[in-house]
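# A closer look at the structure
One-letter residues, chain by chain:
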Amino acid sequence: MYPKAFSLSIEGQNRTTTEPKMTEAEPSNNSTVAKPRLVICIGDIHGYITKLQNLWSNLETQFDPQHFNAATIIFLGDYCDRGPYTKKVLDFLIDLPSRYPNQKHVFLSGNHDFAFAAFVGALPEPQNGVSFKEGWKEYEESEDREGWYKGDGYENMHLQGRRWAGHIKVRFNTIKGTEYKGSIYDAGPTFASYGVPHGSSGMSCFLLVFH
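Here is what the cut-offs are and how they apply
- Residues numbered from 1 in each chain as written.
- Predicted model: local features only at pLDDT ≥ 70, side-chain atom pairs only at ≥ 80, totals over all residues.
- Heavy atoms only, no water.
- Core = buried A, V, L, I, M, F, W, Y, C linked by side-chain atoms within 4.5 Å.
- Buried < 20%, exposed > 50% of the residue type's maximum accessible area, 1.4 Å probe, protein only.
- Helix = DSSP H or I, 4+ residues; strand = E, 2+ residues; numbered from the N terminus.
- Pairing = 2+ DSSP bridges.
- Polar contact = N/O pair within 3.5 Å; in protein donor to acceptor, adjacent residues only side chain to side chain.
- Contact = heavy atoms within 4.5 Å.
- Phe/Tyr/Trp six-rings, centres within 6.5 Å; stacked < 30°, edge-to-face > 60°.

Quick look at the nonpolar core now. One recurring pattern in soluble globular proteins: nonpolar side chains tend to sit buried together. Grouped together as the largest cluster of nonpolar side chains are 40 residues, with contacts concentrated most on Ile42, Ile45, Trp56, Phe75, Leu93, Phe119 and Trp164. Those elements that provide at least two residues to this core are strand E2 (38–43), helix H1 (49–62), strand E3 (72–75), helix H3 (86–99) and helix H4 (111–119).

As a further point, take the pairing of E2. In terms of burial, E2 is largely enclosed, as six of its six residues are buried. With burial as the criterion, each face of E2 is covered, one bearing Leu38, Ile40 and Ile42 and the other bearing Val39, Cys41 and Gly43. Pairing of E2 with E3 involves four bridges; the strand directions are parallel. Along E3, the bridge assignment pairs Ile40 with Ile73.

By the secondary structure assignment, His46 is in the loop between E2 and H1. Within the structure, the side chain of His46 is placed 2.8 Å from the backbone oxygen of Cys80, a separation counted as a polar contact. Not counting the four nearest positions on each side in its chain, His46 is found in contact with Glu11, Asp78, Tyr79, Cys80, Asp81, Arg82, Gly83 and His112.

Let's shift gears to the packing of aromatic side chains. Within this structure, the stated rule accounts for twelve aromatic pairs. On the numbers, 4.9 Å between centres and 90 degrees between planes, the contact of Phe119 with Tyr149 is edge-to-face. You can see Phe119 sitting in helix H4 and its partner Tyr149 sitting in the loop between helix H5 (143–146) and helix H6 (159–164), a full 30 residues away along the chain. We note that Phe119, like Tyr149, is buried. On the basis of an interplanar angle of 45 degrees and a centroid distance of 5.6 Å, the ring pair of Phe119 and Trp164 is categorised as tilted. With a gap of 45 residues between them, Phe119 in helix H4 and Trp164 in helix H6 connect regions that are remote in the sequence. Trp164 shares its class with Phe119; the two are buried. By the ring-pair criterion, three or more aromatic residues cluster together here, those being Phe116, Phe119, Tyr149, Trp164, Phe191 and Tyr194.

What follows is the structure in C-alpha cells.
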C-alpha cells in the first residue's frame, strides 16, 4: 500500500503533496489491504520554535488522531542556526517519542547540524588514521575570510566545526541580501539560545542526542 506523504519546510514555503510514494510492494492477491500509513516530512526548522509548534498543532487538527498518532514523522535536518531558539527546538524534538510513543520519528542531520556536532566534539574520529586537520587544507584559502574558529580544542576539529563557530569577516551575504549571524553558518543565535557567547567553548558540554 502507498502512504500519503507530506513535505513541509519551516523556514521556507510549506509544501504539501498527496502524490503516493511506495514503501513496500503491493499485495499480489485480493487479501484485505491495510490502511495507508501517514508519512510527514519536515525540514529547515532553523531555530524557529513558534513556527514548529504552530505547524505541529496544525498537523494534529488536519489529520484523524488515529492516523496522526501512528504516523511516521521524518525530520530532514537543519534544526539549528538563524532562528533564536535552537535549544527549545531540540528539546521539543527530543520530547516527541515520549509524548507520541506510537509515532515513528526519524531525525536526519543537515549540514548545519553536522557542523554543530563537529564543534561540540560529537563526530567519531576518522578510522583511517587521518586527523580532521587534514581536511582543512583543501579550503584553507577561505580561512581568513570566514574567520575559522581558533579557540580551545580547534587543533583537531573537523573543518565544518571551525567554520560553524568562527567569526566571518565579510558579514554581508550577497546571495541572500542579508547579514551573516556570527559565522557563515549563522550560528550566533544558536550560541545565544544556550546562554553563551558566540564561539564559546562552553558549548562543548551540550550534545545532540535523539532517542
